[in-house]
Structure formats: C-alpha cells, structure tokens
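Understanding the architecture of this molecule
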Amino acid sequence: MSYSISSKNTRIGDTNTMIKTILISGGTGLVGKQLVALLLSKGYKIHLLIRGRKKSDNPGINLFKWDVYKGLIDPECISGVDAVIHLAGENIGSKRWTDERKAQLLESRTESIRLIYKLIRENKNQVGHVISSSAVGFYGSRGNEILIEESLPAKDFLAETCIEWENAVDEGIKLGLRVVKLRSGIILAAEGGLLRQMEKPIKLGLGVILGSGNQWISWIHIQDAIDLFVFALENEEMKGIYNITAPSPLTNGRLTMAIATALKKSPLYFHLPARVIKLVLGEMSILALGSTRVSSSKVIWAGFNFRYPDIESALNEIYSTAD
C-alpha cells in the first residue's frame, strides 16, 4: 500500500500548524490513495479502514480493520479523530447488476457510514465533520437539461442508490456533525477508471462512440477531485450538497475525439449502436448511454478554483505524466 505525493498536490491552503486526525473509509481506491497522500503532505494524521490485516509503513497512517458485511469495525479507529471522509463503496461498474450485486453496491455505501456513526454515538468524542462522496448518478439520464444541486433525482437504480447513500450520511446531522456530500462526476485519471477503458480501442486505431454520442458526460480530473475533498474539509462554512464536476461537461463523442487528439491518434470513428450496448450490459447500459449535464457553479461560488476546467488541459496533464 503506497501513498506518494508530488509538489503539485500542495496548493490547497497552507500546511496546518495543528495536526488533525482524519478517519477515511475507502482510502485504498483510485481517489482514496491520492487523497491520503495529499492529506499527509499537509500534516494530517490518517486513520484508515481496511479489510485485511496489514501494517502501515507510513508513520502518519494507522490501519484499522473492518468488515461492513459482517458489521465489524475496530472501535479504536475513532480515537482522537476530528473528521471523517467517507469514500467506501463497491465499484458501480465492475460487475453485472444482479439483485445480489445491487444489494452489495447499496450496503457498501450506507451500512459503512452507519458503522462509523455507531462508534461516534457510543463514544461521544470530538468528531465534528463528515465529508462524503456521492455521485451525479443521483440525477439520472436527463438529456440536455442543466442539473444543479436542487434538481430532483431520477427514479432508476443509480439514483435510488445515491438517495439512500446521502440519507445514510445525513444521519450524522442528528449527531451534531457538519455534513458535506460531494456528488462526483466521472473521474479522469492516469491510473484507471473510464479513461483507460476509452483509450484502449483508440490506441488500436478505433474511435468507439457509444450510441448517438450525444449523451453528456460530467467529468472531473482526479487532482481537482481530491483538492475538492480537502477544500470541503478545511472550509467549515460548507454544508450540504455540492456537485464536483469540471465546469465544461462534454458529449461522449467529443470526449472520444479529445482523447484521440491528446494521444496524437487519428482513429477510424464508428458508432456502437445503443441496442448492442443494452443487449450486452442490460440495466448497466445507463452507465454508457445516460446523459447527465451537471453544473459546478455552486462549488465555484464557494471559492474553489479548478486546475483543469476543460478537457484539453485535463488530458494534457494526464498524458504528460502517464507511463
């Protein structure tokens, strides 16, 4: 388990003069690893919840075992903790959505935070803040509609999952906690995720546009995503829901072409019919064909400045540092 940090990750605020301790769930995932590294660079101590029995090789990180599905958590994980960052949740697109898988996707997000709240309730300690991940799947597929935090949710599985996820996080309000929920768009990163899936055929000379290609994708560079979690942590006037997506969403077709340009490739473009995607993926096809055009105005008004506000700057940075 390796957490490294580069100088580009130290923009948010000044190094803390008073070290604080953060309990993080989901800290070993794509976003979690880089967020832990950024927090360490700023002087925070980390309590990290993990499934296995491991020892940390970093003096700033203490590891604590938990098992959400068995309802188990090391009670010592909450000792001395000032804030919780909740990232835990099974990968929404890694397996087909059977009834069993849907239950796992939901439980991994809701029961995990409830385990943490149970400890807070029993110990009545100094925890004051909860910063939780959520997702723009809350809004569902809405065509060209511009979606803000007050927009109504959809009624599909993704939206219902986000609703229950956010409701579980809001249980912390009754405990007197400051609760912030960050609805994230698609994370673009060199290390994995959607970008790695889309670039594979492009590198082979094929530009695969999904369905019509007109469906909107609300995305965010991983650096901006982790900066936003720290921004929400350190700005105590922030409460409630914020969309965390770049201010320039774009369509699937345009994203495919932008990736090709960044890779300096001239692929043969073709449309993969929506009916084929639906046949292969079933209900999960919403991940490929859904259109979600999200506004990030609220977090900008809160004072956040995006490093990578447009797709060109985001992809240029990713591919300039990729192996």
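Each remark here, short or long, concerns the structure printed above.
One structure accompanies this document, and this report is about it. Counting from 1, residues in each chain are numbered in the order their sequence is written. Predicted model: local features are reported for residues with pLDDT of at least 70 only, side-chain atom pairs are reported and counted for 80 or more only, and whole-chain, interface and lining totals are derived from all residues. Based on all heavy atoms of the structure, the side-chain values leave hydrogens and waters out of the count.

This paragraph deals with the packing of aromatic side chains. Planes of paired rings set the category: under 30 degrees apart is stacked, over 60 is edge-to-face and the rest tilted, where pairs are Phe, Tyr or Trp rings (Trp by its six-membered ring) whose centres lie within 6.5 Å. According to the stated counting rule, one finds four aromatic pairs in the structure shown. Taking 5.0 Å as the distance between ring centres and 90 degrees as the angle between the ring planes, the aromatic pair formed by phenylalanine 304 and phenylalanine 306 counts as edge-to-face. Each of the two residues, phenylalanine 304 as well as phenylalanine 306, counts as buried. Taken together, Phe231, Phe304 and Phe306 form an aromatic cluster joined through their ring pairs. Whether a charge sits over a ring comes down to the Lys NZ or Arg CZ being within 6 Å of the ring centre and within 35 degrees of the ring normal. In this arrangement the basic side chain of arginine 293 is found over the ring face of tryptophan 216, its NZ or CZ atom lying 4.1 Å from the centre. With a 1.4 Å probe rolled over the protein chains alone, any residue whose accessible area is under 20% of its type maximum counts as buried; one over 50% counts as exposed, and the rest are partly exposed.

Attention now moves to the pattern of salt bridges. The salt bridge criterion pairs a side-chain nitrogen of Lys or Arg with a carboxyl oxygen of Asp or Glu, the two atoms within 4 Å. Applying the stated criterion across every chain, the model contains 13 salt bridges. For arginine 114, the salt bridge is made with glutamate 171, and the minimal N-O distance between the two is 3.0 Å. With arginine 114 in helix 2 (residues 99–123) and glutamate 171 in the loop between helix 3 (157–170) and strand 8 (178–184), the pair connects residues that are 57 residues apart, well separated along the chain. On the accessibility criterion, arginine 114 (30% relative accessible area) is partly exposed. With a closest N to O distance of 2.3 Å, glutamate 199 and arginine 196 form a salt bridge. Pair noted here: glutamate 199 and arginine 196 are both in helix 4 (residues 194–203), with a separation of three residues, about one helical turn. Taking the relative accessible area as the measure of exposure, arginine 196 reaches 22% and is therefore partly exposed. Among the charged side chains, a salt-bridge network with shared partners connects Arg51, Glu90 and Arg101. Each helix corresponds to a stretch of at least 4 residues labelled H or I by DSSP, and each strand to a stretch of at least 2 residues labelled E; elements are numbered beginning at the N terminus.

Within the sequence span of helix 10 (residues 311–321), burial applies to Ile311, Ala314, Leu315, Glu317, Ile318 and Tyr319. Pairs of residues are marked as contacts when any of their non-hydrogen atoms sit within 4.5 Å. Its buried side turned inward, helix 10 meets strand 9 (186–188), helix 4, strand 12 (219–221), strand 14 (250–251) and helix 6 (252–262). Between N or O atoms, a polar contact is any pair within 3.5 Å; within protein, one atom must be a potential hydrogen donor and the other a potential acceptor, and residues adjacent in sequence are included only when both atoms are from side chains. A side-chain oxygen of the first residue of helix 10 lies 3.2 Å from the backbone nitrogen of glutamate 312; this N-cap is aspartate 310.

Below, the discussion takes up the environment of glutamine 215. Topologically, glutamine 215 is positioned in the loop between strand 10 (206–210) and strand 11 (216–217). Note: C-alpha distance between glutamine 215 and serine 291 (76 residues apart in sequence) is 4.3 Å. Apart from the residues lying within four places of it in its own chain, the contact partners of glutamine 215 are Leu210, Leu250, Thr251, Asn252, Ala288, Leu289, Gly290 and Ser291. For glutamine 215, the side chain forms a polar contact with the main-chain oxygen of alanine 288, separated by 3.0 Å.

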